[in-house]
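Listed here are the chains, written in short residue letters.
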Amino acid sequence: MVDTRKIDEIFEKYNGPERPGYAVAVAKDGELFYAKGFGCGNLETGKMIEPSDVFHVASVSKQFTAMCISLLEDDGLLSVDDCPKKYLPYLPDIFDDVTIRNMLNHTSGVREHWDLFQFSGCSLEDLVTKDNMLRLTCSQRHKNFEPGSEYLYCNASYLLLGEIVAAVSGKTLRQFADERIFKPLGMSKSFFRDNHKDIVKDKVYSYVEKDGQWKHSVLTFDIVGPTSLNTTALDLIKWLDNWRHPVICSQRVLDRMVEPVHLNNGELVAYSRGVRIADYRGHQTRGHGGSNAGYRTQVLSCGPWDIVVLGNFSDSMPGRHANLVLDVLLGLEHEEPAKVEKEVPVFTDLTAQQQAALTGTWYADELQTIYTSVAYSDKLVVTHMKAGNTVYRQTTADHFISDNGETTMDYRDGSMFFTRERTRNMEFRNIDWRSL
C-alpha cells in the first residue's frame, strides 16, 4: 500500500496562493491513484492549480505528433522510410537523404530551428509563427551530420512531421489529433494550440522568478508538432493508459513507437518516436519531458505506474519530482544524483593580428543576417542590430565561448562559425560594409 502522504510531502513546499507550482497525477494499471494541484495557476486572480487545469506541455507534444505519423503509416498512407520531400516538395536538397524515420528519432542531422531563430537576431519572447520557422528550416544549406550517423535532438524535424500529417491527411495536425487521439480517449481538454490568440479555459500561466518577484514568462507560439500541445494532468493519464490498454491504435502501432533505434554504426539510441527509454535504478521507464517559457513538464511510465508532473515556473523540475514520486511508488529510498562539476574555462588574450582580423562586418547567407564585431585584447564583442551585443572570450587559438556559455565561435578561413547545442558551424563570412 502506497502512503500518498509521502507524495504530498514532495510538493507541499510549492503550495500556496502566492507562488506557481505543480499539477500531479498518478495511476496504477490505468486507475487514477493520486491527483492534486499545488500552488497558483494565475497569480493575478489567485486561482489555485487543479489537476484538471490546462498546461502548455512543450516537448511532451512530440509523442502525439509521432503517434499521428504512426497512425498514418498504419493506414498505409505513408512510409517512415520515405523522404519528407515526397510530401513536402518545397524542402531544400539537403533533405534528399533524410527519411521520416530519421526525423522521428532525431537522427536526421537537420539543424535546430530555435538556434537558427536566435542566430538570426530574434528573441524567444518574439512571436514565433509556423511560417517563420519553416522559412528558417528551408534556408539551411548544410546539416549537422549525415543522417543516421548521430543522435541530436531537433525540434525542426517535428515541425516538419506536423506538416507531413497535414499534407497526407488533408487536415491540420490540430484537427487530425483531435479526431484520432483526443476524442476517442476522452481527452476533452486537449488540443494543439496553433494560434496563440486562442482563448483557453482553465489555463495555467507560466512564470519566472526575478529579483525575488514572480514575473510572467511570455509564450507566443503558433507552431505545432514539436510543441504547443495544451492538455491536463488528468487527460495525460488517459493517454498513458492507452499504451497499456490500446483504444486509438493496434498493439502493432505501439510497438513501432518504442522500437529500438540504431545508428549507422550499430550504436543503440535511447529514443524512439517521441519516447525516451531509460533505466531508473534497475527499472525500465518510458517517458518524455518538456520546457518552454516557464512551463516544465514530465510524463513517465514504469511497470504498472503512470506519472504526470506539470510545472508552471521556470525553476521547476518535474523530471526530478517524477523520479521522487517513482521512488515512493517502488518503495525505494531516494538517492540524489551525483553532481557534475562544470569545467571553468581559461581565457587567453587576442593578438593584435587577431584583433584586426576579427573586427568587421559578417553576413550569413542562409539567414540573411548581419553581425558586426569589435575585437579587443581580452574579448570579442559581436553585435546584431536587434539582439544587441554578445561578448565572446578566447579559450584556445581562434576558439571562443560566449559569456552566457550558450554559443561557441571558431574563426577559420576568414569566416566566423557559430555553434549552439543543436546547430553546428553556422557560417558568417566577412564582407565589406560599403557593399551593403
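Residues numbered from 1 in each chain as written. Predicted model: local features only at pLDDT ≥ 70, side-chain atom pairs only at ≥ 80, totals over all residues. Heavy atoms only, no water.

Turning our eyes to something else, we now look at the overall build of the chain. Tallying secondary structure elements over the chain gives 11 helices and 23 strands in all. Here the C-alpha radius of gyration of the chain, 23 Å, is about what a compact globule of 436 residues would show, namely 22 Å. Along the three orthogonal principal directions, the C-alpha set of the chain runs to about 70 × 55 × 45 Å. Expressed as a percentage of the 436 residues in the chain, the buried residues total 52%. Relative to all contacts within the chain whose residues are 6 or more apart in sequence, the contacts with residues 24 or more apart total 63%. (Helix = DSSP H or I, 4+ residues; strand = E, 2+ residues; numbered from the N terminus. Rg over C-alpha atoms; globule rule 2.2 N^0.38 Å. Buried < 20%, exposed > 50% of the residue type's maximum accessible area, 1.4 Å probe, protein only. Contact = heavy atoms within 4.5 Å.)

One pass over the full model with this rule turns up 3 cavities of 30 Å³ or more. Here the largest cavity defines a volume of roughly 50 Å³. Taken together, His 56, Arg 193, His 196, Leu 219, Thr 220, Phe 221 and Ser 228 form the lining of the largest cavity. Here the residues of the lining of the largest cavity are counted per class, giving 2 nonpolar, 4 polar and 1 charged. (1 Å grid on protein atoms, 1.4 Å probe; cavity = no way out; pocket = protein on both sides within 12 Å on 5 of 7 lines; lining within 4 Å. Points joined across faces, edges and corners; volume = space filled by probe spheres on them. Nonpolar A, V, L, I, M, F, W, Y, C, P; charged D, E, K, R; others polar.)

Further remarks concern the sheet that holds strand β21 (residues 408–412). Here 8 strands make up a closed barrel; going around it, the order is β16-β17-β18-β19-β20-β21-β22-β23 and the pairing antiparallel. For this sheet the average axis-to-axis angle between neighbouring strands, irrespective of direction, equals 30 degrees. As paired strands, strand β16 (residues 360–364) and strand β23 (residues 423–431) are joined by 3 bridges and run antiparallel to one another. Counted as the bridge partner of Tyr 363 is Arg 429 from β23. (Pairing = 2+ DSSP bridges. Axes fitted to C-alpha atoms, helices over the stretch in contact; angles between N-to-C directions.)

This brings us to the pattern of salt bridges. Scanning the model with the defined rule gives 31 salt bridges in all. Between Lys 36 and Asp 8 there is a salt bridge; the shortest N-O distance is 2.9 Å. Here the residue Lys 36 occupies a position in strand β2 (residues 31–38), and Asp 8 occupies one in helix α1 (residues 4–11), the gap between them amounting to 28 residues. For Lys 36, a relative accessible area of 34% translates into the label partly exposed. Note that Asp 93 is salt-bridged to Lys 85, the shortest N-O span being 3.2 Å. (Salt bridge = Lys/Arg side-chain N within 4 Å of Asp/Glu carboxyl O.)

Attention shifts here to the layout of surface pockets. Considered as a void within the structure, the largest pocket measures approximately 950 Å³ in volume. Taken together, 31 residues form the lining of the largest pocket, with Gln 118, Leu 124, Ser 291, Asn 292 and Ala 293 sitting closest to its centre. Mapped onto the lining of the largest pocket, the elements with two or more residues apiece are α4 (113–119), β7 (207–210), β8 (213–216) and β13 (283–292). Broken down by element, the residue count for the lining of the largest pocket peaks at 5 residues, all from β13. When grouped by side-chain class, the residues that make up the lining of the largest pocket number 8 nonpolar, 12 polar and 11 charged.

Bridge analysis of strand β22 (residues 415–420) against β23 gives 5 bridges, and the strand direction is antiparallel. Note that in β23 the partner of Phe 417 across the bridge is Glu 427. The loop that links β22 with its antiparallel partner β23 comprises 2 residues.

Glancing now at the nonpolar core. In this structure, Phe 64, Met 67, Ile 181 and Trp 239 are the most contacted members of the largest nonpolar core, which totals 93 residues. If we skip the residues at most four places from it in the chain, Phe 64 touches Ile 181, Phe 182, Met 187, Phe 192, Leu 229, Leu 236 and Trp 239. One finds Ile 7, Val 24, Phe 38 and Val 325 within the second-largest nonpolar core, a separate group that totals 23 residues. (Core = buried A, V, L, I, M, F, W, Y, C linked by side-chain atoms within 4.5 Å.)

We now examine the environment of Gln 63. Within the secondary structure, Gln 63 sits in helix α2 (residues 61–74). Separated by 212 residues in sequence, Gln 63 and Val 275 have C-alpha atoms that sit 6.3 Å apart. Setting aside residues up to four positions removed in sequence, Gln 63 forms contacts with Trp 239, Trp 243, Met 257, Gly 274, Val 275, Gly 287, His 288 and Val 299. Separated by 3.4 Å, the side chain of Gln 63 and the backbone oxygen of Gly 274 make a polar contact. (Polar contact = N/O pair within 3.5 Å; in protein donor to acceptor, adjacent residues only side chain to side chain.)

Another aspect to go through is the sheet that holds strand β6 (residues 191–192). As a general point, the strands of a sheet are linked pairwise by backbone hydrogen bonds and lie either parallel or antiparallel. The antiparallel open sheet is built from 3 strands, whose spatial order is β5-β9-β6. In this open sheet, the two strands that pair with only one neighbour each are β5 (55–56) and β6. Bridge count between β6 and strand β9 (residues 229–231): 2 bridges; the pairing is antiparallel. Bridging across to β9, Phe 191 finds its partner in Asn 230.

Looking now at the packing of helix α5 (residues 130–138) against helix α6 (residues 155–169). Interhelical geometry of α5 versus α6 gives an angle of 115 degrees and a closest axis separation of 11 Å. It follows that α5 is roughly perpendicular to α6 by the angle criterion. Two packed elements cross with a definite hand, and for α5 against α6 that hand is left-handed. Touching Lys 130, Met 133, Leu 134 and Thr 137 of α5 are Ala 156, Leu 159, Leu 160 and Glu 163, all from α6. Broken down by class, the residue content of the contact of α5 with α6 amounts to 5 nonpolar, 1 polar and 2 charged. (Parallel < 35°, antiparallel > 145°, perpendicular 65-115°, else oblique. Left-handed = near helix turned anticlockwise from the far one by under 90°.)

Along α5, the residues that are buried comprise Met 133, Leu 134, Leu 136 and Thr 137. Buried residues of α5, seen end-on, are gathered within an arc of 165 degrees and therefore sit on one face of the element. (Arc of directions from axis to C-beta.)

So, on to the pairing of strand β20 (residues 399–402). The two faces of the sheet receive side chains in turn, since in a regular strand these alternate between them. Side chains of β20 alternate between two faces, with Phe 400 and Ser 402 buried and His 399 and Ile 401 left unburied. Across 4 bridges, the pairing between strand β19 (residues 388–396) and β20 is antiparallel. Looking at β20, one finds that Arg 393 is bridged to Ile 401. Counting the residues between successive antiparallel strands, the hairpin from β19 to β20 contains 2 residues, one of them, Asp 398, with a positive phi of roughly 65 degrees. Pairing of β20 with β21 involves 3 bridges; the strand directions are antiparallel. In the strand pairing of β21, His 399 is matched with Asp 410.

The subject of this paragraph is the side chain of Asp 222. Here Asp 222 lies in the loop between β8 and β9. When residues no more than four places from it in sequence are discounted, the contact partners of Asp 222 are Leu 127, Val 128, Thr 129, Lys 130, Asp 194, Asn 195 and His 196.

Everything listed here is a matter of coordinates, which is why it stays silent on function.
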